[in-house]
Each structure stands twice: as C-alpha cells, then as structure tokens.
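# What the coordinates show
These are the residues of each chain, in order.
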Amino acid sequence: MITVDSLTVRYGRFTAVDDVSFTARSGRVTGFLGPNGAGKSTTMRVMVGLTRPTTGSASISGHPFADLPNPGLEVGVLLDASAQHAGRTGREILTIAQRTMGLPAARVEQMLQRVSLTSSEADRRVRNYSLGMRQRLGIATALIGDPEVLILDEPANGLDPAGIRWMRDLLREYADQGGTVLLSSHLLHEIEVVADDLVVIGNGRIVAQGTKAELLEAAGTVVRTHDPVALGRALQAAGLDVTMSDDGVLRTDGAAARVGEVALAAGIALTELKSADGAGLEEMFLELTAESQREGAAA
Amino acid sequence: MSTATLERETVASSPRTTPRPIPMTRIVGVELRKMFDTRSGFWLMTSVGIAAVLATVATLLFAPRDELSYGSFAGAIGVPMTIILPMIAVLAVTSEWSQRSGLTTFTLVPHRGRVITAKLLGTLLVGVTSIAVAFAVGALGNVVGSAIAGVDTSWDISLGNAATIFLADALGMLMGFTLGVLIRNSPGAIVGYFVYALVLPAIFEALSAYQDWFHDLRGWIDFNFASSALYDGGLSATEWAHVAVSGTFWLLIPLLVGLRLVLRSEVK
C-alpha cells in the first residue's frame, strides 16, 4: 500500500505538487493520470525519497521509504528507463541491483527471461538499447527483488503494441497476486485498460480520484433502442441530460442502472446499454485537465 | 470492460519477513564494482598499471645511469598517478548524476550518506592499491635498471617518505572526490580538477614571483604547493601546518559543502 498524505512540493514560488492525498491499495492497479508537467513524476520521486516534500508525506505500507531496511525487496521502482549508465551492459545493471539487494546471482538470468531480453541483448551496452529495451531492463530492475509494491513512471513509453500488452498482463498479474501497483501515464487509453483505481492530477492538484467504475459512471451511459425518440423523452422526463447522435445512439449523464429503470418504466426495449467508458472518460480527462493543459485555451 | 469493474479477489501473499538492512561492506563492494564495469572505468583502472610500467620503462631508457635510484622511478610513476587517481574519484561520484544512474542507486539505498561513504571508501581502496602497485613496479624497475646499468641498487625513499607520498596521493584523490560532490557533473568536475591542478599553480607561481607578501604566505594559501612537499618528505612542523591550514580551505570546507549538497539536493 502506498499512502500520500497532504503532499506539497514547491520550487521557489512554483508549486509543482499541491496538497495531494491518495492511497494506492494492495491487490489493485492504481493509474496515476495527468498531462505532462502535472506533478506525477515529482510525486513519485517524493514517494521514494529522491525529492524532499515541502510539506506532507508519503509512505510505503505505513513506513517512510527511507526507513525500509532493504527497499529493493519491498518496492520496485522505475522512474525513468533512460536513467541508466549508458556504458554498462544490461546484465551488469541487473547484477548491480541483485548485489545491492543481496539476492542470489541466478535472479539476474531469471529476470532477463521474464522481461524477454535475450542473452546477446543483455550483453550489449545500454547506449545501444532502444527505449523499449530500456523499459524492459527497468522493469526487470524493479521486479528483481520480488517486491510487494511497484511504482512505475510511464512504463509503457517506447514499448511496441505487443510490449504494451505484455506490460499490462504483467501488472495485472502482479496486482491479482496481492501486490500494489502504481503506474503513471499521460495517455488515458494506456491506463484505463489495466487500472482498477484512477487518480487524475492536473497542475499539481488532484482533480478526480476513485475506482474506475465510479469514474466511468460519472462519465455517463450509452444506450441504444429501436425507439430512441421515445426513450429520449422518457429520460428527460426523469431529469437526465440526453443527447442523440445521428445514428440514433443516446448518451446520457445518468448511470446505466437508472437508464434501465427508466426504460423499463416506459416499456421501451433496449438493444444496448453500457457505460460510456472510453470516450466518456477521455472527455472527462480532457475536461478535468483543460485548465492545466497547454492546449487549454483552445479546448 | 465489464470485468474490470468487478472487485478482484486478492490472493494473500506468503507472509514476509522484515528484510535485514543492507550492510556497508556490500555497498562498498557494489560501488567498487561500478568503478570497473564500464569501458571508461575499466581503462581508467588499467591505465594505472599501464602508466606505471611506461613510466618505469621511460626511466630505464632515458634517465642517466648514475642517477638511477628508487626515487627516480617512484617520481616518474607518481606523475601519472596524480592525474589518474583523482579522475577515478571524480567519476565515481559524478557518474550518478551525469549518467542519472543515481535514480536507481539512491532508491536501492535511500541513505545517500551511506552511498557516498561507500564511494569514498571504494575510492581510497583503489588509491591505496594503485599506489602499492606503483611502488612495486618502481621497485622492480629499480632492481632491473641498476642491474642493467651495473650500478648499486639505491633505495633512497625512506618509509616515512613513502607514507607522505601515500598521503599526498590520497589528498589528490580526496580533492577529486570533493570536486565530484561539489559539481556533480563529470566534464565540469574534471575541468575543475585540471584548473585546480594545472592552472591555479601557474597563477600562484607567477604571483609568488612578483609579490613578496604572497611569496611569504604561499604555504598557508596554496594547498597544491603545500601538499607537494609531501612528495619529498621530511616536512617541518610549519610545513605540516601549511598542509593543514590550506587543506582546510581547499579541501575540508568544500568537501563539507559538497556533502551537504549531495545529501539535500533533488535527484532527477
């Protein structure tokens, strides 16, 4: 479990992180979502003790990170896949982590296999790695101590589609086994597929947080029927906002359950009823972060 | 999509024991390894041996036969050492920032003081070993050289002088280390060291030649000058005081400032 409590980080007069509080629970993947420069990386650096908070605190399973006797065995961290010594081989970088944590040497080979880096790739120097290979190496460094908590900053950057799928499955499996996974991204689609909980940050402030289900619900419902006009009227009569697209698909801000009740009461058969997830959440994301985005003025 | 909204059952993981703290010996071991495991690091280390052999051979070839002594060998080997050893110290520190590997290093060991101490110990270990190797190569050269030249083997370096040479080289390494923690950037710290070791002495030398007051005070102000006496050995009490006083300003205070910066600064 990761707990962030009223965290504020100021650089001079600039506030990078502004009173941020959230909890990443065990057994769940928590997505940390926000546009570039929103304060995600700064928050993560505070979690692992690389940046001092101005006020507030962050803790891992109830302890400040610096109090962990051998942090690599408890928290797997990947903050920047490019932050590796370019002159070391991939295998050497893993060996350094393995030795620091005091793990058996065989773990290095296991991890290379786990992240699908071949033996010849592992013997190459990191300056010759693609970003995707660096990400895999970074993931291997994070996983080598078999930690219960993972903190990953933009881990999908530079991975190809198959790599992204692999990463997603890996994180899902980790959380299903009881681990805590916190991953950040500025891409909504990347996160919504895998995350159970979402924390959305913009301009250093948390603008929304909750389970993905809750946030999806807030994003509204898409409903289809053979008689969209009648259903539209019924929903409006029930006090819900409704919009109808050209092909007769209704979108409403009401929850799916409420829409179903209204349709039942009106005696209208539905052909499809679902939360507006993808599109809805994206709109919410853009909306929530509009003020803090560079394109904010145009949006 | 619908499955994602279901609460997942969490599988209870096996009970974990609290890990034991990372021992200092392990951190020193890892930091030592990190000095050798890149191409530049490897060659820098190897160059210690290569330079010692080259300097010995050069002395054998070019030094006048009647001047062959342990001192001439040790002196020839000492020159490249005073350049290479501080570079090793500089890079041990600065690469964490310049290569950004500190992001991993300082999260695996979240006490920067321990990491920096380990780097210092590792650097000194390398220094002591290198100087010992240099002395050994020099001794070999002296024996071989005097045999070839047909002169008596002359051991003109006392144990006390050997100790002060050790100290001088260690201070040079510490100077590199200090610039490393102070500047935390490889090219910057290396340039800084050459300014300190090559440019400043020339300026002080000129100042000393034209300004009498500086000539008298030089030992108290110029750490380079004061510590160069260590290579010759047999320091007077005043000369020791020179090393201590100028060392406080050039080495100790900057080192403390640098350490404070390292402990407090943000690692990005």
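None of the values given here were measured: they were computed from a predicted structure. (Residues numbered from 1 in each chain as written. Chains lettered and ligands numbered in written order. Predicted model: local features only at pLDDT ≥ 70, side-chain atom pairs only at ≥ 80, totals over all residues.)

Residues and elements named next belong to chain A. Within the element layout of this structure, Ser26 appears in the loop between strand E2 (14-24) and strand E3 (29-33). Overall, Ser26 belongs to the partly exposed group, with 17 C-beta atoms counted inside 10 Å. Along the chain, Ser26 and Thr252 lie 226 residues apart, while their C-alpha atoms are 33 Å from each other. (Helix = DSSP H or I, 4+ residues; strand = E, 2+ residues; numbered from the N terminus. Buried ≥ 20, exposed ≤ 12 C-beta atoms within 10 Å, placed from the backbone.)

Residues and elements named next belong to chain B. At a minimum axis separation of 9 Å, helix H6 (residues 159-183) and helix H7 (residues 186-210) run at an interaxial angle of 135°. When the axes of H6 and H7 are compared, the pair comes out oblique. H7 is crossed by H6, and the crossing has right-handed handedness. Between H6, through Met175, Gly176, Leu179, Gly180 and Ile183, and H7, the contact on the second element is made entirely by Gly188, Ala189, Gly192, Tyr193 and Tyr196. Classifying every residue of the contact of H6 with H7 by side-chain character gives six nonpolar, four polar and no charged. (Axes fitted to C-alpha atoms, helices over the stretch in contact; angles between N-to-C directions. Parallel < 35°, antiparallel > 145°, perpendicular 65-115°, else oblique. Left-handed = near helix turned anticlockwise from the far one by under 90°. Contact = placed C-beta atoms within 7 Å. Nonpolar A, V, L, I, M, F, W, Y, C, P; charged D, E, K, R; others polar.)

All right, on to the interface of chain A and chain B then. At the interface, 38 residues of chain A touch 36 residues of chain B. Elements with a contribution of two residues or more to the side of chain A that touches chain B: helix H2 (90-101) and helix H8 (212-218) of chain A. With six residues, the single largest contributor to the side of chain A that touches chain B is H2(A).

How big an interface is tends to be expressed through the accessible area that disappears when the partners come together. Taken domain by domain, chain A holds domain 1 (2-210) and domain 2 (220-275). For domain 1 of chain A versus domain 2 of chain A, the distance between C-alpha centres works out to 41 Å. (Domains from an automatic or database assignment.)

All names here are of chain B. The N-to-C vectors of helix H2 (residues 39-62) and helix H5 (residues 112-149) enclose an angle of 25°; their axes lie 9 Å apart at closest approach. When the interaxial angle is binned, H2 and H5 end up roughly parallel. Between H2 and H5 lies a crossing of right-handed hand. Contacts between H2 and H5 involve Val48, Gly49, Ala52, Val53, Thr56, Thr59 and Leu60 from the former and Ser130, Val133, Ala134, Val137, Gly138, Gly141 and Gly145 from the latter. Residue composition of the contact of H2 with H5, by class: seven nonpolar, seven polar and no charged.

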